[in-house]
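Next come the chains, spelled out residue by residue.
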Amino acid sequence: MRECNLDFVFGRSWKVLKYDENGGFYKTKMAKNVSPTKAVDFLCVPQGNQPLLLMEAKDFSLGVRSQEKFNNVPMAVAIKARDTVAGIVGGSHCASDAGDRAIFTESRRKLDTPPRVVFFFSDLGTRLRREPRRAMQQRDVIMKKLKQHLSWLTRDVAVVGMDDYGSFVPDLTIRVV
Amino acid sequence: MTINGIKIDNFTVFKRAEIAFCPGVNVIIGANGTGKSHLLKLLYAMTQWASGRPSNKGNRQMIGPVELLFLGLFKPEDADLTLLIREQSGNAPAEVDLHADGRDYCSRIHLDTPFWSEIDSSIIWQRPNAKGIFIPPNEVLAIYPGFTASYEKRELAFDQTYYDVCKALSALPLKNKNVVLSRLVLGLEDILGGSVVQKGERFYVKSKKGERSLEAHLLAEGHRKIATLVHLINNGSIDKGTVLFWDEPESNLNPRLIRHIALFLRELANFGVQVFVTTHDYLLIGELSMAAEYKTGPEVPIRFLAMSRQGDGPVQIQSGYTLADLQDNPILDEFAEHYQREQDASLKFVAEKRPSYAGM
């Protein structure tokens, strides 16, 4: 599944919906009828007792759109998570595609426990930002802000990069296109 | 003694505040001018007066122990205690109630101004045998020689917390030391590279490696702070049942030492010392929040308090068990703003040097 300039390859232990794709429930039913609304990139249902995963990816490494600000990123991700949780409820009843509806239904069941929110973040590719300790420091700030904004939903929040996403999302491979 | 809560009315920046504390580590954050140090000093003051002290009720001319303590801690201009009463309160008094040891067991101070030039104070209290120790932001070992004698005779610019901690430092080490505290001291001595020795009015760090002892003036300021802690533990000033008030522990400390201090505070709390700290430090709050969230190390209750103000308005207080529970976190906000400024600077720099790279 492609997002930004990255390919996300989820293994068999996941059932994944590219939640914000064209033609899907989110675009055709939810966003069309209640706007503005936002969505995470991936809705991931794991096997077993693992929590539901809401995953958002942002890649600043090739530049930043003028309206995108570092400071707004944690709130933006939190809003996407919030709206996606609402979308899960709606999708479990109203998604047209039976396969999608099944994923929504399973996601809703999984929400008996707090979900995991993972934000994959590639920062600006400047020399200073590429310095590994600097990158970790910035991820720490984003994570703390994101936890603050998501304290109503979950404490299970992670901000990951290319070097460590595997620790938080097993059976996933991310490749730069 | 364990302080459970405090109720403050019309005192300095506090219009009305009712704050609950935990028995472990209480971490107070907030921008400058939001009353963090005032809160700390107020809590410290409430632990300070000895049982049996008479009240001043009815005697408006006498400056009693309560007034002296408040004058010493807060140093209002011209020794005018009415300055401690919140400006907009009119004739309403300032009142502070302390609740401790899990019961309706309070110390109260009441500052009143029926006339602008007079002050009437009375105490309604049942004070426990509390022991409080206040460590001010600036280290004291360097000023220690002759300080207490000078403070008793002369008007010095230091507030009473400096005098009190120097008085506490004057006590010699105990003969029998608690095993747990000894272990904590060993950890601090590892940081110093030696043990703390007092000779007369001067303190020294006696090297573990057999090198020459270093006098306090020759130590780094951060190490003098650590040495202060060592001596206060060794002489029993910090012990089980003590309440420790530490204003900005991070000042003069290299970031590398902050996680040791965070662990030290939790270990102290685990031993039975209730801790109150004010801080502006990202690392310190991060370490403590991490411990609270992921239950690392000694499991002690930790509580975060965020103080904020809109302009000259009254202080608002939020509390939580981790940083994520606080919406007002000026430390985190400023770090995020910093990275935003850096992003803006990076993009501007890149746009000027490599036009094809900027934006997408």
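From a predicted model like this one, the values you see are computed outputs, not experimental measurements. All residue numbers here refer to positions counted from 1 along the written sequence of the relevant chain. All chains are assigned letters beginning with A, and all ligands numbers beginning with 1, in the order in which they are written. Whole-chain, interface and lining totals are the exception, using all residues; otherwise, since this is a predicted model, local features are given only for residues with pLDDT of at least 70 and side-chain atom pairs are given and counted only at 80 or more. The basis for every side-chain value is the complete set of heavy atoms in the structure, and neither hydrogens nor water enter the calculation.

Q: For this particular structure, what's the right way to read the overall build of chain B?
A: The helix count covers DSSP runs of H or I at least four residues long, the strand count covers runs of E at least two residues long, and both are numbered beginning at the N terminus. Secondary structure assignment for chain B yields nine helices and 14 strands. Exposed residues in this analysis have more than 50% of their type's maximum accessible area, buried residues have under 20%, and partly exposed residues fall in between, with area computed by a 1.4 Å probe over protein chains only. Taken over 360 residues, chain B has a buried fraction of 53%. Put simply, of all contacts in chain B between residues at least 6 apart along the chain, 67% involve residues at least 24 apart. Accessible area of chain B: about 16,700 Å², with a carbon and sulfur share of 50%. Any two residues whose heavy atoms approach within 4.5 Å are treated as being in contact. Computed with the Shrake-Rupley method and a 1.4 Å probe, the accessible areas treat only the protein chains shown as cover for residues.

Q: Got a minute to help me understand the sheet that holds strand 9 (residues 202–207) of chain B in this structure?
A: Sheets are built from strands that pair by backbone hydrogen bonding, the pairs being arranged parallel or antiparallel. Residue and element names in this part refer to chain B. Across the sheet, which stays open at both edges, the three strands sit in the order 8-9-10 with antiparallel pairing between neighbours. Looking at which strands have only one partner, the edges of the open sheet turn out to be strand 8 (194–199) and strand 10 (214–215). Here two bridges tie strand 9 to strand 10, and the two strands are oriented antiparallel to one another. Following the sheet pairing, tyrosine 204 is matched in strand 10 by glutamate 215. Should DSSP find at least two bridges between two strands, the strands are taken to pair.

Q: Explanation requested: helix 7 (residues 255–271) of chain B in the structure shown.
A: The α-helix advances 3.6 residues per turn, and as a result positions three or four apart in sequence lie on the same side. All names here are of chain B. The span expected for a helix works out to 1.5 Å for each residue beyond the first. With 17 residues, helix 7 should reach 24 Å at 1.5 Å per residue; the first-to-last C-alpha distance of 25 Å fits that figure. Regarding helix 7, its N-cap is asparagine 254, as a side-chain oxygen of that residue lies 2.8 Å from the backbone nitrogen of arginine 256 further along. Following helix 7 by one or two positions, glycine 272 adopts a phi angle in the positive range, close to 120 degrees. Side-chain atoms alone can form a polar contact between residues adjacent in sequence; in general such a contact is a pair of N or O atoms within 3.5 Å, and within protein one must be able to donate a hydrogen while the other accepts it.

Q: What should I look at first to understand the nonpolar core in this one?
A: When a protein is soluble and globular, its nonpolar side chains tend to lie buried together. The biggest cluster of nonpolar side chains holds 99 residues, and the ones touching the most others in it are Leu43(A), Leu54(A), Val27(B), Ile238(B), Phe264(B), Leu268(B) and Ile302(B). The biggest single contributor to this core is helix 7 of chain B, with nine residues. Discounting residues that sit within four places of it in the chain, Phe264(B) has contacts with Leu184(B), Leu188(B), Leu229(B), Ile233(B) and Trp246(B). We call a set of buried Ala, Val, Leu, Ile, Met, Phe, Trp, Tyr and Cys residues a nonpolar core when their side-chain atoms join them within 4.5 Å. Membership of the second largest hydrophobic core comes to 38 residues, among which are Val13(B), Phe245(B), Met307(B) and Val315(B).

Q: What should I look at first to understand the packing of aromatic side chains in this one?
A: Here a ring pair, both rings aromatic, is described through the centre-centre distance and the interplanar angle of the planes. Working definition: a ring pair exists when centres of Phe, Tyr or Trp rings (six-membered ring for Trp) sit within 6.5 Å. Plane angles under 30 degrees give stacked, over 60 give edge-to-face, the rest tilted. A complete count under the given rule lists 23 aromatic pairs over all chains for this structure. Ring centres 5.3 Å apart and planes at 65 degrees place the aromatic pair Phe25(A) and Phe104(A) in the edge-to-face group. With Phe25(A) in helix 1 (residues 25–33) and Phe104(A) in helix 3 (residues 98–110), this residue pair connects regions lying 79 residues apart in the sequence. With respect to class, Phe25(A) is no different from Phe104(A); both count as buried. Here the aromatic rings of Tyr151(B) and Tyr163(B) are separated by 4.9 Å at their centres, their planes lie at 20 degrees, and the arrangement is stacked. Taken together, the residues Tyr151(B) in helix 3 (residues 147–153) and Tyr163(B) in helix 4 (residues 160–169) connect sequence positions 12 residues apart. Look at Tyr163(B) and you get buried, because its relative accessible area is 14%. One aromatic cluster is present, formed by Phe8(A), Phe10(A), Trp14(A), Phe42(A), Phe120(A) and Tyr165(A) through successive ring pairs.

Q: Help me understand the pairing of strand 6 (residues 116–122) of chain A in this model?
A: All names here are of chain A. Burial within strand 6 is extensive, with six of its seven residues counted as buried. Looking at chain direction, strand 6 and strand 7 (residues 157–160) are connected through four bridges and run parallel. Within strand 7, the position partnered with valine 117 by the bridge is valine 157.

Q: When you look at the sheet that holds strand 11 (residues 242–247) of chain B in this model, what are you seeing that I'm missing?
A: All names here are of chain B. Reading across from one edge, 7-11-12-3-13-14 is the order of the six strands in this open sheet, with mixed pairing throughout. Edge positions in the sheet fall to strand 7 (131–135) and strand 14 (316–320), since each of these pairs with one other strand and no more. Neighbour-to-neighbour, the strand axes of this sheet turn through a mean angle of 15 degrees, independent of strand direction. As judged from the six bridges shared by strand 3 (residues 25–30) and strand 13 (residues 302–308), these two strands associate in the parallel manner. Bridge pairing in strand 13 links valine 25 to isoleucine 302. Every axis in this analysis is a line fitted to C-alpha atoms, fitted for helices over the stretch in contact. Angles between the N-to-C directions lie between 0 and 180 degrees.

Q: Explanation requested: the side chain of Thr148(B) in the structure shown.
A: Here Thr148(B) is to be found in helix 3. Other than its neighbours up to four places away in sequence, Thr148(B) contacts Tyr163(B), Cys166(B) and Lys167(B).

Q: What should I look at first to understand the packing of helix 5 (residues 179–192) of chain B against helix 6 (residues 221–234) of chain B in this one?
A: Axes are the key here: two packed helices are described by the angle between their axes and the distance separating the axes. All names here are of chain B. Interaxial distance between helix 5 and helix 6 falls to 10 Å at its minimum, and their mutual angle equals 160 degrees. Of the possible angle classes, the one that applies to helix 5 and helix 6 is roughly antiparallel. In this structure, helix 5 meets helix 6 at a crossing whose hand is left-handed. Facing helix 5, whose interface residues are Leu181, Val185, Leu188, Glu189, Ile191 and Leu192, helix 6 presents His223, Ile226, Ala227, Leu229, Val230, Ile233 and Asn234. Of the residues contributing to the contact of helix 5 with helix 6, the split by class is 10 nonpolar, two polar and one charged. Any angle between 65 and 115 degrees counts as roughly perpendicular, while under 35 counts as roughly parallel, over 145 as roughly antiparallel, and the rest as oblique. Should the near helix be turned counterclockwise from the far one by less than a right angle, the crossing is left-handed, whereas a clockwise turn marks it as right-handed. Note that Gly is not counted as nonpolar here; it falls among the polar residues with everything else outside the nonpolar set of Ala, Val, Leu, Ile, Met, Phe, Trp, Tyr, Cys and Pro and the charged set of Asp, Glu, Lys and Arg.

Q: Explain the environment of Tyr26(A) to me, please; I cannot follow it from the model alone.
A: All names here are of chain A. Position of tyrosine 26 relative to the elements: it lies in helix 1. Note: C-alpha distance between tyrosine 26 and isoleucine 88 (62 residues apart in sequence) is 9.3 Å. Among all residues touching tyrosine 26, those that are not within four sequence positions of it are Tyr19, Asp20, Ala31, Lys32, Thr37, Lys38 and Ala39.

Q: I would appreciate a short explanation of the pattern of salt bridges in the present structure.
A: Two side chains of opposite charge can pair, provided their charged atoms sit close to one another. For salt bridges, the criterion is a side-chain nitrogen of Lys or Arg within 4 Å of an Asp or Glu carboxyl oxygen. Tallied over the full model, the rule gives 22 salt bridges over all chains. In this structure, Lys15(A) and Glu106(A) form a salt bridge, with 2.8 Å as the shortest nitrogen-oxygen distance. Of this pair, Lys15(A) sits in strand 3 (residues 14–18) while Glu106(A) sits in helix 3; the two residues are 91 residues apart in sequence, bridging distant segments of the chain. Accessibility expressed as a relative area gives 21% for Glu106(A), which makes it partly exposed. For Lys41(B), the salt bridge goes to Asp159(B), with nearest N and O atoms at 3.0 Å.

Q: Looking at this structure, how should I read helix 6 of chain B?
A: Residues and elements named next belong to chain B. For helix 6, with 14 residues, the first-to-last C-alpha span of 20 Å sits near the 20 Å given by 1.5 Å per residue. Taking burial as the measure, the 14 residues of helix 6 include 12 buried ones, the bulk of the element. Positive phi shows up at glycine 236, right after helix 6, with a value of about 85 degrees.

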